[in-house]
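Spelled out from the first residue to the last, the chains are:
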Amino acid sequence: MKKLILGACAVMALATVSCGKCGDGSCSTPTSDSLSVAYGDYVGSVLGMDFQNKENADKQKKEFVRGMQIVFGADEDRNTQMGMQVALQMLGEIDQLEAQGAHIDRAMAMTAFKKAFFSDSINGMDAQYAQQNLQRLIGNAREEAAAAEAAKKAEAPEAVENVKAGNAYVADLQAKDSSVKTTASGLAYKIEDEGQGEKAKENSTVVVNYTGRHLNGDVFDSTDGREPATFNLQGVVPGFREGIMLLGKTGRATLYIPGELAYGANGQPAAGIGPNEMLVFDVEVLDIDPE
């Protein structure tokens, strides 16, 4: 909706118009009457254009005007107007939270608001605690919504098939090669050379050559033909981090990373990685900074 850039009590350059409130008509003059009509005509025209192409435009316009009349009817009570402004802001924030998966019961929120608002004693510590509690619960709600969405995606046919394919692939490897091991987390790996010295830790920065492949052998990423990759292990997927931590400097291995330890149910569509797809990495650790 178009923004109306108007001064508090001035339109354009009419600096001589009084900022007093004359909603009862006591300030009526031919000039003020003309200005009043022009002002209403201008705002109505601008906003009317925004509504004219909407579905059920007449109904929406009536609802819009009803809201305006409530505010205009409270002209003598600035607190009522301020309350309306706060309520509209809260509704906007609630809409944003609900878009992120956090449900807000408006009636319950209003009851809690009134309890806090009418409290006999409110201090800065109370307000700070309320803010911290809200932020914590918003974080929890977002995590729950994300987990629910991930669980839903994990049940999709493609994700289920990818899990089955990954499990079958590793089972077949281990039937043919006893050196392919599996960790408690589900990471499968085959170490060609454990390397030398201290192994990488969770926060280590490492220099690595690698090639990432799909189960069919197609390469989706590789350091071949470019400089080795340098990164902190906190910035990679869990399965890759766990696999690198099995190796020391000069260590080499093949990692079979199940989807839940790679890109999960979301996958990486831009890289052609499907939901819960197992990935295969050939890795070589060139250097380790343990700090």
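The structure this text deals with has already been given above.
Residues numbered from 1 in each chain as written. Predicted model: local features only at pLDDT ≥ 70, side-chain atom pairs only at ≥ 80, totals over all residues. Heavy atoms only, no water.

Novice: I'd like a rundown of the nonpolar core, residues and numbers included.
Specialist: Core analysis: the largest hydrophobic core is formed by 25 residues, its most contacted members being Phe240, Ile244, Leu255 and Val283. Listing elements by their share of this core, those giving two or more residues are strand S3 (205-213), strand S5 (229-232), helix H7 (238-244), strand S6 (252-257) and strand S7 (279-289). Take this core: its biggest share by element is five residues, from S7. Beyond its immediate sequence surroundings of up to four residues, Val283 is in contact with Val208, Asn209, Tyr210, Phe240, Ile244, Leu247, Gly251, Arg252, Ala253 and Leu255. Judged by nonpolar contacts, the second largest core, of six residues, contains Ala188, Tyr256, Met278 and Val280. (Core = buried A, V, L, I, M, F, W, Y, C linked by side-chain atoms within 4.5 Å. Buried < 20%, exposed > 50% of the residue type's maximum accessible area, 1.4 Å probe, protein only. Helix = DSSP H or I, 4+ residues; strand = E, 2+ residues; numbered from the N terminus. Contact = heavy atoms within 4.5 Å.)

Novice: I'd love a proper account of the pattern of salt bridges, names of residues and values included.
Specialist: Side chains carrying opposite charge are able to pair once their charged atoms draw close together. Within this structure, the stated rule accounts for eleven salt bridges. When the shortest N-O distance is used, the salt bridge between Glu63 and Lys59 registers 2.5 Å. Taken together, the positions of Glu63 and Lys59, both in helix H2 (residues 57-73) and four residues apart, correspond to about one turn of that helix. The shortest N-O distance in the salt bridge between Asp221 and Arg226 comes to 3.4 Å. With relative accessibility at 45%, the residue Arg226 sits in the partly exposed group. (Salt bridge = Lys/Arg side-chain N within 4 Å of Asp/Glu carboxyl O.)

Novice: Go over the pairing of S5, please, and point to the residues and values.
Specialist: Alternating positions in S5 separate cleanly, Ala229 and Phe231 being buried on one face and Thr230 and Asn232 remaining unburied on the opposite face. Strand direction decides the pairing type here: S3 and S5, joined by four bridges, are antiparallel. Residue pairing in the sheet places Val207 in a bridge with Thr230 of S5. (Pairing = 2+ DSSP bridges.)

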